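What the coordinates show
Listed below are the residues making up each chain.
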Amino acid sequence: MISKKIKEIAKERIEILFDLAEKEFDEHPERSNRYVRIARKILMKVQEKMPKKYVFNYCKKCHHYLKVGKNATIRKKKNFVNLTCKDCNFTRKIYVNKKNN
Ligand SMILES: [Zn+2]
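1. Digging into the coordination of the zinc ion
The expected angle between donors at a tetrahedral four-coordinate metal is 109.5 degrees. At an octahedral six-coordinate metal it is 90 or 180 degrees. At the metal site, the zinc ion is ligated by Cys59 (SG), Cys62 (SG), Cys85 (SG) and Cys88 (SG), and these contacts range over 2.3 Å. Its 4 donor atoms give the zinc ion angles of 107 to 112 degrees at the centre, a pattern that matches the tetrahedral case. Expressed as a motif, the donor residue spacing for the zinc ion is C-x2-C-x22-C-x2-C. Here the residue Cys62 occupies a position in the loop between α2 (29-46) and β1 (72-76), and Cys85 occupies one in strand β2 (residues 80-85), the gap between them amounting to 23 residues.

2. Side note on the packing of aromatic side chains
If you walk through the whole model with that rule in mind, you get 4 aromatic pairs. Between Phe18 and Tyr65, the ring centres sit 6.1 Å apart and the planes meet at 50 degrees, which makes this aromatic pair tilted. You can see Phe18 sitting in helix α1 (residues 4-24) and its partner Tyr65 sitting in the loop between α2 and β1, a full 47 residues away along the chain. Taken as a pair, Phe18 and Tyr65 share a single burial class, namely buried. Taken together, a centroid distance of 5.6 Å and an interplanar angle of 55 degrees make the contact between Phe25 and Tyr65 tilted. One end of the pair, Phe25, is in the loop between α1 and α2; the other, Tyr65, is in the loop between α2 and β1, with 40 residues separating them in the sequence. Ring pairs connect the aromatic residues Phe18, Phe25, Tyr54 and Tyr65, which therefore count as one cluster.

The rules behind each value
- Residues numbered from 1 in each chain as written.
- Predicted model: local features only at pLDDT ≥ 70, side-chain atom pairs only at ≥ 80, totals over all residues.
- Heavy atoms only, no water.
- Donors = N, O, S within 2.8 Å, 3.2 Å for Na, K, Ca; no water.
- Tetrahedral: all angles 85-135°; square planar, octahedral: opposite > 155°, others 65-115°.
- Helix = DSSP H or I, 4+ residues; strand = E, 2+ residues; numbered from the N terminus.
- Phe/Tyr/Trp six-rings, centres within 6.5 Å; stacked < 30°, edge-to-face > 60°.
- Buried < 20%, exposed > 50% of the residue type's maximum accessible area, 1.4 Å probe, protein only.

Encoded structure:
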């Protein structure tokens, strides 16, 4: 059993890691990719999913940190967006819930 407390700590760490990834991306993209990897490891350990707010910030295939306009492109469709990772060319369809947007 993974306690709530541990999950909370894990979530905090994920936020810190994505913050760092964002800051380092321009100069050291490889560090950003490492932060994403660490974040994913933490999530696996606590059996949690990636928080929704970071859905556009990493590639599900190559697990690189993604920054729209830099190494990722976004194409808006009617009910979804296509997020393309320029590093591995993987396009992910992300459904947008209108109620939350
Ligand atoms: Zn990729």
